[in-house]
Amino acid sequence: MKKMDYQNVKGTQDYLPAQEVVRRNIRRTLEDTFMLYGCKPLETPILNYTELMASKYAGGAEILKEMYTLTDRGERDLALRYDLTIPFAKVIAMNPKLSMPFKRYEIGKVFRDGPIKAGRFREFTQCDVDVVGIESQSAEAELMVMTIDAFNKLNIEMLIQFNNRKLLAGLLQYFKVPQLKINSVILILDKMEKIDQVTLLKELEEQNLSPSTIELIKQFLNANPTIAYFEKYREENELIKQGYEELIELQDYLQVLNVGENCVFNPFLARGLEIYTGSIYELFLKDGAIKSSIGGGGRYDNAIGGLIGSEEKFSTVGISFGLDVIYTAMEQRENSADQALVDIFIIPLNTQKEALRLAWQLRQQGNRVEVELSGKKLRKAMEKANRENIRKVIILGENEMKSGRYEMKDMQTGEVEQFEIL
């Protein structure tokens, strides 16, 4: 019989118990933090209609290139979700009686047929929070503070870079970039920190922009602009005015909440998704161990109305963390394999039934207990306990059953405690 060439699909990964414990701790920490901010849990399907995931209010042309599509037996065109945002927008569109404002969190698998790098896979887990029904920048500010709280609990130092899409769009309008090319130019500017300026300007030239427009963009790139830079353009363009005022409002909230040192304005931050309509932000590790962002989000007021075919705007803002990239950051920092997954290890010597009963009693007290049931010799069983860093061991033999007492040994200190068998 031919041996199967078994291996993981490229871009997917198995997580063994020691790894999965860390991942679940991350998940619990995030969930607990989300709930502290009044967010309600939600779960959406992995399978969706292609039409939904490819709508003009979804992720834009770039992300659609990475979408996994398939056809079911009914010949329906389906797609695996590539994020949790559009499925959430669909839920709001389908449930008009939901009480507003509505805050939800969801942690789930998403799929993208894209490049693979540290912490980035093709099957990965996103952790999202979205808020519908709040027009002011207080929604963005609260999500940013929530993010800082969550990462503090994970003992990860991070930085949030923020900007506003209206500023960039308005400035490009003022620089005479044709309306149909504004999104393409924004995507090029989003590469600011990834490619050199010569390459970036060459890509702008390929958009057939006028020399005067390219020169104005070049001056903007070299100006190292602060928020105050945009003030002089306020009366020249309505989008710049709106974006500037929203940024000032957001900055005021961040100062009151005393998180200014974790939040930095980046005038070139654009985020690739066309869905965003206002504030945008991305999360980065302060130590630079992972260069790419570990999360991001922003305001997308047009998506829900667009899905239901309405001109009505639904004020919506969200943030998303990649659980896998957070795990990668933590894995680089500490050795999770050294963490014990069991508190007490019981080694029965012809007392399997009694050992199972004792284990049940100890579990009722909140202990994580494993019973050696494979018939290992005592020496081999003790080696397993040491190898897996299990701190406490009970040897339960016929003598212990006769005396009605057993000993629990602390493998780190050598201390031995005696207990009655109930």
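Residues numbered from 1 in each chain as written. Predicted model: local features only at pLDDT ≥ 70, side-chain atom pairs only at ≥ 80, totals over all residues. Heavy atoms only, no water.

Caption draft 1: Structural view of the nonpolar core. Of all hydrophobic cores here, the largest spans 75 residues; its most connected members are Ile-217, Phe-321 and Ile-326. If you look at the next biggest cluster of nonpolar residues, it comprises 20 residues, including Tyr-82, Ile-86, Phe-88 and Phe-102. (Core = buried A, V, L, I, M, F, W, Y, C linked by side-chain atoms within 4.5 Å. Buried < 20%, exposed > 50% of the residue type's maximum accessible area, 1.4 Å probe, protein only.)

Caption draft 2: Inspection of unusual backbone geometry at higher detail. Pro-101 follows Met-100 through a cis peptide bond whose omega is -5°. Looking at where Pro-101 falls in the secondary structure, it is placed in the loop between helix H4 (85-94) and strand S5 (102-111). If you check the backbone angles, Lys-176 has positive phi at about 70° while not being a glycine. Given the relative accessible area of 63%, Lys-176 is considered exposed. (Helix = DSSP H or I, 4+ residues; strand = E, 2+ residues; numbered from the N terminus.)

Caption draft 3: The arrangement of the packing of helix H8 (residues 197-205) against helix H9 (residues 211-222) in detail. Two elements in contact, H8 and H9, have axes whose closest approach is 11 Å; the angle formed by their N-to-C orientations is 150°. Our classification of the angle between H8 and H9 gives roughly antiparallel. When the axes of H8 and H9 are compared, the crossing they make is right-handed. Contacts between H8 and H9 involve Gln-197, Leu-200, Leu-201, Leu-204 and Glu-205 from the first element and Ile-214, Ile-217, Lys-218, Leu-221 and Asn-222 from the second. Residues of the contact of H8 with H9, tallied by class, amount to 6 nonpolar, 2 polar and 2 charged. (Axes fitted to C-alpha atoms, helices over the stretch in contact; angles between N-to-C directions. Parallel < 35°, antiparallel > 145°, perpendicular 65-115°, else oblique. Left-handed = near helix turned anticlockwise from the far one by under 90°. Contact = heavy atoms within 4.5 Å. Nonpolar A, V, L, I, M, F, W, Y, C, P; charged D, E, K, R; others polar.)

Caption draft 4: Spotlight on the UniProt feature "binding site: L-histidine" (unreviewed entry) in the protein chain. UniProt feature "binding site: L-histidine" (unreviewed entry): in the numbering of this structure it lies at Asp-83, Leu-84, Thr-85, Arg-112, Gln-126, Asp-130 and Arg-271. Relative to the assigned elements, Arg-112 resides in the loop between S5 and strand S6 (123-132). Topologically, Asp-130 is positioned in strand S6. Residue Asp-130 is classed as buried on the basis of its relative accessible area of 2%. Excluding residues that lie within four positions of it along the chain, Asp-130 makes contacts with Phe-88, Phe-102, Lys-103, Arg-104, Tyr-300, Val-317 and Gly-318. Side chain to side chain, Asp-130 and Arg-104 meet in a polar contact 2.5 Å long. (UniProt positions renumbered as here; feature names shortened; annotations may be inferred. Polar contact = N/O pair within 3.5 Å; in protein donor to acceptor, adjacent residues only side chain to side chain.)

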